[in-house]
Amino acid sequence: MTAAPVAPTTEAVVTGRLTESGVIARPPRRRRRAPEPQDRTNISELDRRSRRVRVGLWILNAVLILLLIVITAGPLLWLAKAALSTTQDILREPFAWWPSGVQWHNLVDAWFKIDIGKYLINTVLLAAGVWFFGMLVALTGAYGLSILKPRYAKIINGAVLATLFIPGIVSLIAQYVTVLDMPLLHWNLINTFWAVWLPGAANAFNVLLVSRFFDSLPKDVFEAAKIDGAGPFQIFWRIVLPMSKPIIGVTSLITIIGAWKEFLWPLLVLPKPDLQPLSVGLYKVTASAEMSLLMAGMFISVVLPIVLFLIFQKQFLKSAGQAGAIKG
């Protein structure tokens, strides 16, 4: 005579299962993993409890921060001091704090007497042109290689990557000959901003940087846009560009800084003084201008990019942080 089946109770349903003998079998308990330490450093948490270790770490951090400030901000502070000093004070007592008083008029004299204003305007125009054409080439080139992906995309990608291994000084003569006599058009671009804009736009590093960012974008968005009837230009303008603000900010910063401090190429292709940027103009007036005015001009040329970076540092740092993290 068989035993009557045991009706499962609420406890059996909630906490386990009912066996044939009517005994409730509870599920095995899962072992809890030990919480991982938050800070993984060479100094353990036990060592940090020691007062001697804490004081030593505080002193070490203070010394490192002080050295970093001296190395990075020291030259800039000395340049600011020299820009407001007389030529005699710079030569006799270079590390004294204004023995003859603060010379505020050096900044005004440098602006007008050695034409810092003219050189500054030329620098801004050159940097703006290099940025515009550089971003145009980088975005469109990366869009073609990463998203459109023609059959020969790998060949072009390899050729662009190979140009990074060619030293810039090797291609200097070829670029100068090209600018001196443009192929097919036979235009001479010497003493024009185009001689700086066009070679500066052909930056293989920017193309590869933007291309790697485009590779991380979700492909489902592009497929959905194609199903809705969007063409390549609409996908680029309405989808790719709004999603590429982080990499555009990073690449823009790299391009503008590189164009601002460029010296050798503008020196070769812009021999006319009215078109030269700050880097070349200050070099040309070194032999004739007073040292105090020269230092004031250098300070103006250095402080402006720093001020712009401090104003837009949140946007730049946010773009740099988002450039490598895209959620699908």
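Everything in this summary refers to the structure shown in the same document. (Residues numbered from 1 in each chain as written. Predicted model: local features only at pLDDT ≥ 70, side-chain atom pairs only at ≥ 80, totals over all residues. Heavy atoms only, no water.)

### Details of the pattern of salt bridges
Summed over all chains, the structure comprises 3 salt bridges. One salt-bridge network, held together by shared partners, links D115, K118 and D274. (Salt bridge = Lys/Arg side-chain N within 4 Å of Asp/Glu carboxyl O.)

### Looking at the layout of surface pockets
Considered as a void within the structure, the largest pocket measures approximately 1000 Å³ in volume. Mapped onto the lining of the largest pocket, the elements with two or more residues apiece are α6 (116-148), α7 (153-163), α8 (172-180), α9 (194-201), α10 (204-215), α13 (245-260) and α14 (264-269). Of the residues in the lining of the largest pocket, the class split is 22 nonpolar, 12 polar and 1 charged. Roughly 490 Å³ of volume is contained in the second largest pocket. Looking at the second largest pocket, it is lined by 17 residues, and the ones nearest its centre are I256, I257, W260, P305 and L308. Those elements giving two or more residues to the lining of the second largest pocket turn out to be α6, α13 and α16 (291-311). Of the residues forming the lining of the second largest pocket, the biggest block, 6 residues, is contributed by α16. (1 Å grid on protein atoms, 1.4 Å probe; cavity = no way out; pocket = protein on both sides within 12 Å on 5 of 7 lines; lining within 4 Å. Points joined across faces, edges and corners; volume = space filled by probe spheres on them. Helix = DSSP H or I, 4+ residues; strand = E, 2+ residues; numbered from the N terminus. Nonpolar A, V, L, I, M, F, W, Y, C, P; charged D, E, K, R; others polar.)

### A word on the packing of α6 against α10
As a packed pair, α6 and α10 sit with axes 8 Å apart at the nearest point and diverge in direction by 45°. Classed by the angle they form, the pair α6 and α10 counts as oblique. Taken as a pair, α6 and α10 cross one another with a handedness that is right-handed. Seen from α6, the contacting residues are V137, A138, L139, G141, A142, Y143, L145, S146 and I147; seen from α10, they are N206, V207, V210, S211, F214 and D215. Considered class by class, the residues forming the contact of α6 with α10 number 10 nonpolar, 4 polar and 1 charged. (Axes fitted to C-alpha atoms, helices over the stretch in contact; angles between N-to-C directions. Parallel < 35°, antiparallel > 145°, perpendicular 65-115°, else oblique. Left-handed = near helix turned anticlockwise from the far one by under 90°. Contact = heavy atoms within 4.5 Å.)

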